[in-house]
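Here is how the chains run, residue by residue.
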Amino acid sequence: AWKAKQQRFRREHDYQVNVNAKGKYSFGFVHLTHGRSIMRNVSSAVSFAASNTARFLAEYKEVLSMPSISTLSEHIGDIRRCAEWVAKQLRTIGMEKVLLKETAGHPIVCGEWLKAPGKPTMLVYGHYDVQPVDPLNEWESPPFEPTVRGDYIFARGASDMKGQIFAQIKSMEA
């Protein structure tokens, strides 16, 4: 029964959905338009990303090279520089009302784009700071010198959380 339901879902929406062994969605998204429109948009976004790979990689390395370690006071300037970088990226992709807001701790970055009346609101949340790099001797390459080895990039924050923030911003750009 689940297999038939999954096939019907795919046929009706014209895109692939991954399910885990228990038949639960392993990821999901809100279906806003018919699947064919989504696939055209995805194809366009993938083409855009492919044609901007070199720029994306350079920008990713740029943010990964910032030692925005939130728990060490000597990196307060790096935290600010990283927050400003995120704000600039949001402005570059067309976000309106981009704010760098001071807090009792580190600045937060907010941006909005409200040009789709009647459509759902999407909230993207994450952090641009990283944890200390200790023990330093366990790193194969310097933590703030992004290094590509095979299909992977190694740097502090590459997977938590600068990688996710970067991917979210670039997916909105595409």
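First things first, this report covers the structure right here in the doc.

What to know about the side chain of Gln-89
Logical step 1: Along the chain, the position of Gln-89 falls in helix H4 (residues 76–92).
Logical step 2: Separated by 2.8 Å, the side chains of Gln-89 and Lys-170 make a polar contact.
Logical step 3: In contact with Gln-89, other than residues within four places in its own chain, are Glu-59, Ile-169 and Lys-170.

Quick word on the packing of helix H3 (residues 53–64) against H4
Logical step 1: For the pair H3 and H4, the least separation of the axes is 10 Å and the interaxial angle reads 155 degrees. Between H3 and H4, the crossing angle belongs to the class labelled roughly antiparallel. Across from Glu-59, Glu-62 and Val-63 in H3, the residues of H4 making contact are Cys-82, Trp-85 and Gln-89.
Logical step 2: In the contact of H3 with H4, the residues fall into three nonpolar, one polar and two charged.

Some details on the side chain of Asp-78
Logical step 1: Positionally, Asp-78 belongs in helix H4.
Logical step 2: Judged by its relative accessible area of 16%, Asp-78 falls in the buried class.
Logical step 3: In this view, Asp-78 contacts Pro-67 and Ser-68; residues no more than four positions away in its chain are not counted.

Things to note about the pattern of salt bridges
A side chain with one charge may pair with a side chain of the opposite charge, provided their charged atoms come close.
Logical step 1: Applying the stated criterion across every chain, the model contains nine salt bridges.
Logical step 2: Here Lys-115 makes a salt bridge to Glu-96, at a shortest N to O gap of 3.8 Å. Pair noted here: Lys-115 is in the loop between strand E2 (108–112) and strand E3 (147–149) and Glu-96 is in strand E1 (residues 96–101), with a separation of 19 residues, a long-range link.
Logical step 3: Looking at Glu-96, the relative accessible area reads 33%, which means it is partly exposed.

What to know about helix H5 (residues 162–173)
Logical step 1: Between its first and last C-alpha atoms H5 spans 16 Å; for twelve residues at 1.5 Å apiece the expected length is 16 Å, and the two agree.
Logical step 2: Buried within H5 we find Lys-162, Gly-163, Ile-165, Phe-166, Ile-169 and Lys-170. Down the axis of H5, the smallest arc covering the buried residues is 165 degrees, so these residues share one side.
Logical step 3: The secondary structure elements touched by the buried residues of H5 are H3 and H4.

Here is what the cut-offs are and how they apply
Residues numbered from 1 in each chain as written. Predicted model: local features only at pLDDT ≥ 70, side-chain atom pairs only at ≥ 80, totals over all residues. Heavy atoms only, no water. Helix = DSSP H or I, 4+ residues; strand = E, 2+ residues; numbered from the N terminus. Polar contact = N/O pair within 3.5 Å; in protein donor to acceptor, adjacent residues only side chain to side chain. Contact = heavy atoms within 4.5 Å. Axes fitted to C-alpha atoms, helices over the stretch in contact; angles between N-to-C directions. Parallel < 35°, antiparallel > 145°, perpendicular 65-115°, else oblique. Nonpolar A, V, L, I, M, F, W, Y, C, P; charged D, E, K, R; others polar. Buried < 20%, exposed > 50% of the residue type's maximum accessible area, 1.4 Å probe, protein only. Salt bridge = Lys/Arg side-chain N within 4 Å of Asp/Glu carboxyl O. Expected span 1.5 Å × (residues − 1). Arc of directions from axis to C-beta.

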